[in-house]
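# Structure at a glance
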Amino acid sequence: MSAIASPSASSRERVTQSRVIRSEWTKLRSVRSTSWSLLAATVLTIGFPILASAVISAHWGHRSPGERAHFNPIDPALVGSQIAQLAIGVLGVLVISAEYSTGMIRASFTAVPMRLPVLWAKAIVFAAVTFVLMLPAVLIAFFASQSILSRHNANIAFSDPHVARAVIGAALYLTVIALFSLGLGAIIRNTAGGIAAFAAVLFVIPPLMNVLPASWNDAASRYLPSNAGRAILSITHDSGSLSPWVGFAVFCGYAAFTLAVAALLLVRRDT
Amino acid sequence: MIQARDLTKDYGDKRAVDGLSFDVRPGIVTGFLGPNGSGKSTTMRLILGLDRPTKGHVTVNGKPYREHSAPLHEVGALLEARSVHTGRSARNHLLALAQTHGIARKRVDEMIDHVGLHEVARKRAGGFSLGMGQRLGIATALLGDPHTVMLDEPVNGLDPEGIQWIRMLLKNLAAEGRTVFVSSHLMSEMALTADHLIVIGRGRLIADASVPEFLAGASKPLVHVRSPQGEQLKGALASPSVTVAVIEPGLLEVNGLTAAQVGEAAAAHGIVLHELTPHQASLEEAFMDLTRDELEFAAT
Ligand SMILES: Nc1ncnc2c1ncn2[C@@H]1O[C@H](COP(=O)(O)OP(=O)(O)OP(=O)(O)O)[C@@H](O)[C@H]1O
Ligand SMILES: [Mg+2]
């Protein structure tokens, strides 16, 4: 506070999408709770499958031959994604809703008054971070859990049919979850509301479908975001679900639609 | 340079800003005054494109704010409500904003030193006191070395030293040729810094004048007269447009006549005067006078 005259800036450069991306990366890594949550999601994605496989392995002797035949070794390997999707969904909402609750959004939109570059930058940065963390996490989870299960020859190999697609697909699924929840947060602009909407879409609506007549339920259920999205994690294809890539494409469609609505509202609404 | 034309903003049924037209010129400090709820903060948000006007438009340095390719170099703003993520350090907050314009890290550190936040630059902004938050807001506003500086109630929460610093800062920014637009609901504060005043009430323009013009125009003449024949003088001055108050025995306060008119009236009636002092209303009084009818939230 000593000097009164303000030092002048040397350069005067324009706002570009890549600069906004750099800014959003700084924002994401500089809030400690975000970094911790991402770390926790990664650890759980790896830790849960190891724990699950260890438990299964320890009780293998007690399983009936029927149970053993039905056992699908990919299930424990990808169980971590169930927990990770919750953490990533909550963070995706927070990435934008926290800017509204703290007022940071006004600073962000003053710096980038076109606004949309901020939304795209958030989407790119958060999706990239999610994929970069989750891909190694699911790979480690797969190989660790299979090596535990191999004691009882209950494991599958990465090179077996559909396995690589399902494992990498888990990381892709979580990446789209990141985009979908970011879109919800941008539309709702409120942390509690955004998280509630995310939980409703993923966890509440699917069981509610059971109140529909069975034929409707069968026809509609597979198109729900969660069911469509998780088709890519499965190595067995049943008639009740969409094929992996079709399901994934439908899920991407939901995320794209949510982000498009968010973008429309973002440029129109007052802050 | 800020130019508003017929700027109007409705929130539902509520008209917050009502047909405002004004220019804020470079090289001087322009004070933006109005009672609570008169629409100052709303006007500033409209200038920055944060809210959309219902009608009318506003440009900054010749263009709507949104159309500037490097807006932080055009306008630096401190808004009324805090605009900082509470979980981020002051330094990272400034850095993230700087990066949108490719502004160097060095500039961020300079601004932190400039506003006196060096010690706490790496602490969470959520833990900042009101005054520290204000300083961070000012660092944010000055980050892009902008042509136009717009501050909403900048002295809020600052200690006397901080207030003094802001006054000097505003004057210096104006002396450097920048446009300086600063709001307040306290006239006394503006009296010390502003060269020009834009006064609003209930979202409408009440006055747009230099400080001396404002004082001359707003204040009715006020004269103090001391006379041993107080009662007689009171009778001599009586008229519907004039009010005469007895401040103490022998001292009258005359509202609505100039000192010359009072002196002439006394002479005409052969009344002795011991003192005849014209008073100019203070800026504060002039402001109160102007906005009395425009109070949004008057104490009852
Ligand atoms: N986002 C909003 N939604 C609804 N009403 C609003 C909104 N923002 C402002 N208002 C209303 O518009 C009017 C003007 O408010 P504004 O905050 O602009 O006044 P102000 O002059 O800045 O007051 P103060 O001196 O108290 O800061 C007020 O009546 C306020 O209630
Ligand atoms: Mg205000």
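Scroll up to find the structure this text is about.
Throughout this document, residue positions are counted from 1 along each chain, in the order its sequence is written. Chains carry letters and ligands carry numbers; both start at the beginning, A for chains and 1 for ligands, and go up in the order they are written. Where totals are concerned, whole chains, interfaces and linings use all residues; where local detail is concerned, this predicted model gives features only for residues with pLDDT of at least 70, and gives and counts side-chain atom pairs only at 80 or more. The basis for every side-chain value is the complete set of heavy atoms in the structure, and neither hydrogens nor water enter the calculation.

### Re the overall build of chain A
Helix and strand labels come from DSSP, where a helix needs a run of H or I of at least four residues and a strand needs a run of E of at least two; each type is numbered from the N terminus. Helix and strand content of chain A: 12 helices and zero strands. In sequence order, the secondary structure elements of chain A are arranged as α-α-α-α-α-α-α-α-α-α-α-α. If one aligns the C-alpha atoms of chain A with their principal axes, the spans along those axes are about 80 × 45 × 30 Å. Here chain A holds 271 residues, and the buried ones make up 49% of them. Here the open area of atoms and residues is found with the Shrake-Rupley method and a 1.4 Å probe, where only the protein chains shown may cover a residue. Just so you have it, chain A exposes about 12000 Å², and 68% of that area is on carbon and sulfur atoms. Charge convention: Lys and Arg are scored as positive, Asp and Glu as negative, and His as well as the terminal groups of each chain are ignored. Charged groups are reduced to one reference atom each: NZ for lysine, CZ for arginine, CG for aspartic acid, CD for glutamic acid. One finds the centroid of the 19 positive side-chain charges in chain A at a distance of 11 Å from the centroid of its 9 negative side-chain charges. Buried residues are those whose accessible area, probed at 1.4 Å on protein chains only, stays under 20% of the maximum for their type, while exposed residues exceed 50% and partly exposed ones sit between those limits.

### Quick look at empty space enclosed by the protein
Grid points spaced at 1 Å over the protein atoms alone were grouped into cavities, where a 1.4 Å probe fits but cannot get out, and pockets, open sets with protein on both sides within 12 Å along at least five of seven lines, with lining residues defined by an atom within 4 Å of a point. Grid points are joined across faces, edges and corners, and a volume is the space filled by probe spheres set on the points. Evaluation of the coordinates by the stated rule reveals three cavities of 30 Å³ or more. In this structure, the largest cavity encloses a volume near 250 Å³. Around the largest cavity, the lining is made up of 21 residues, and of these B:Ala77, B:Leu78, B:Leu79, B:Ser83 and B:Thr140 lie nearest the centre. Counting only elements with at least two residues in the lining of the largest cavity, the list comes to α6 (104–111) of chain A together with β5 (75–78), α3 (90–99) and α5 (130–142) of chain B. Any residue outside Ala, Val, Leu, Ile, Met, Phe, Trp, Tyr, Cys, Pro, Asp, Glu, Lys and Arg is labelled polar, Gly included; the first ten of those are nonpolar and the last four are charged. A breakdown of the residues in the lining of the largest cavity according to their chemical character gives 10 nonpolar, eight polar and three charged.

### A look at the interface of chain B and chain A
Two residues form a contact once any of their heavy atoms are found within 4.5 Å. At the interface, 53 residues of chain B touch 42 residues of chain A. In the sections that follow, a salt bridge refers to a side-chain nitrogen of Lys or Arg positioned within 4 Å of a carboxyl oxygen of Asp or Glu. Taken together, the links from chain B to chain A amount to two salt bridges. One salt bridge in this structure joins B:Lys9 and A:Asp270, with 2.6 Å as the shortest N-O distance. Between N or O atoms, a polar contact is any pair within 3.5 Å; within protein, one atom must be a potential hydrogen donor and the other a potential acceptor, and residues adjacent in sequence are included only when both atoms are from side chains. Counting across the chain B and chain A interface gives 15 residue pairs in polar contact (both at pLDDT 80 or more). Going through the elements one at a time, β1 (2–11), α2 (71–74), α3, α4 (105–114), α5 and α6 (160–175) of chain B are the ones with two or more residues in the side of chain B that touches chain A.

### Looking at the coordination of the magnesium ion (ligand 2)
The coordination sphere of the magnesium ion (ligand 2), as far as protein atoms go, consists of B:Ser41 (OG), B:Glu80 (OE) and B:Glu80 (OE), spread over 2.0 to 2.8 Å. Of this pair, B:Ser41 sits in helix α1 (residues 40–47) while B:Glu80 sits in the loop between β5 and α3; the two residues are 39 residues apart in sequence, bridging distant segments of the chain. Atoms are scored as donors when they are N, O or S and lie within 2.8 Å of the metal, with 3.2 Å used for Na, K and Ca; no water is included, so coordination may look incomplete.

### Some remarks on unusual backbone geometry
If you check the backbone angles, A:His162 has positive phi at about 70° while not being a glycine. You can see A:His162 is positioned in the loop between α7 (116–149) and α8 (163–188). Its relative accessible area of 45% is what places A:His162 among the partly exposed residues. Of note in the backbone geometry, B:Asp145 takes a positive phi value of approximately 50° without being a glycine. Structurally, B:Asp145 is set in the loop between α5 and β6 (148–152). What makes B:Asp145 buried here is its relative accessible area of 7%.

### What to know about helix α10 (residues 259–268) of chain B
An α-helix turns once per 3.6 residues; consequently, residues spaced three or four apart project the same way. Residue and element names in this part refer to chain B. If you check which residues of α10 are buried, you get Ala259, Val262, Ala265 and Ala266. Here the buried residues of α10 occupy an arc of 130° about the axis, which is enough to place them on one side. Exposed residues on α10 whose side chains face more than 90 degrees from its buried face are Glu264, Ala267 and Ala268. Among the structural elements, β10 (222–226), α9 (230–237), β12 (251–255) and β13 (275–279) are those in contact with the buried residues of α10. Positive backbone phi, approximately 65°, marks Gly270, located one or two places after α10. Relevant arc is that of directions from the helix axis to the C-beta atoms, nothing else.

### Describing the site of ligand 1
Residue and element names in this part refer to chain B. Here a residue is near a molecule or strand as soon as one of its heavy atoms is found within 4 Å of it. Lining the immediate environment of ligand 1, one finds 16 residues, of which Gly37, Lys40, Ser41, Thr42 and Glu80 sit closest. With respect to ligand 1, the side chain of Lys40 contributes an N or O atom lying 2.7 Å from an oxygen atom. If ligand 1 stood free it would expose 640 Å²; the protein chains cover 69% of that surface. For the shell around ligand 1, the elements supplying multiple residues, two or more each, are β2 (14–24) and α1. Across the shell around ligand 1, the residue classes tally to three nonpolar, seven polar and six charged.

### Quick look at the side chain of A:Ser226
Turning to its location among the elements, A:Ser226 is positioned in helix α11 (residues 225–230). A residue is classified by how much of its surface remains accessible, and A:Ser226, at 6% relative accessible area, is buried.

### Concerning the sheet that holds β13(B)
Residues and elements named next belong to chain B. Strand order in this open sheet of four strands is β11-β12-β10-β13, and the pairing throughout is antiparallel. Each edge of the open sheet carries a strand with a single partner, namely β11 (243–248) and β13. The sheet shows a mean angle of 20° between the axes of neighbouring strands, taken without regard to direction. For β10 and β12, the ladder comprises five bridges, and the chain directions are antiparallel. Its bridge partner being in β12, Val225 is matched across the sheet by Leu252. For two strands to count as paired, DSSP must find a minimum of two bridges between them. The axes are straight lines fitted to the C-alpha atoms, using for helices just the contacting stretch, and the angles between their N-to-C directions are given from 0 to 180°.

### Side note on the packing of aromatic side chains
Residues and elements named next belong to chain A. Any two rings among Phe, Tyr and Trp, with Trp reduced to its six-membered ring, count as a pair given centres within 6.5 Å; such a pair is stacked if its planes are under 30 degrees apart, edge-to-face if over 60, and tilted if neither. Enumeration over the complete set of coordinates arrives at 10 aromatic pairs over all chains. For the pair Phe180 and Phe251, a centre-to-centre distance of 6.4 Å together with 55° between the ring planes defines the contact as tilted. On the criterion of sequence distance, the pair formed by Phe180 in helix α8 and Phe251 in helix α12 (residues 244–268) is long-range, its members being 71 residues apart. With respect to burial, Phe180 and Phe251 carry one shared label: buried.

### Thoughts on α3(B)
For α3(B), a buried count of 10 out of 10 residues is recorded, marking the element as mostly surrounded by other parts of the structure. Listed in full, the buried residues belonging to α3(B) are B:Ala90, B:Arg91, B:Asn92, B:His93, B:Leu94, B:Leu95, B:Ala96, B:Leu97, B:Ala98 and B:Gln99. As for α3(B), its buried residues are in contact with α1 (17–29) and α6 of chain A together with α2, α4 and α5 of chain B.

### Focus: the sheet that holds β2(B)
All names here are of chain B. The three strands are arranged β2-β1-β4 in an open sheet whose pairing can be described as antiparallel. Across the chains shown, the open sheet's two edge strands, defined by having one partner strand only, are β2 and β4 (55–60). This sheet shows a mean twist of 20° between the axes of neighbouring strands, independent of strand direction. Sheet analysis places β1 next to β2, joined by seven bridges and oriented antiparallel. When the bridges of β2 are listed, Asp10 appears paired with Arg15. Against the sheet, α1 engages β1, β2 and β4, with an angle of about 115° to β1.

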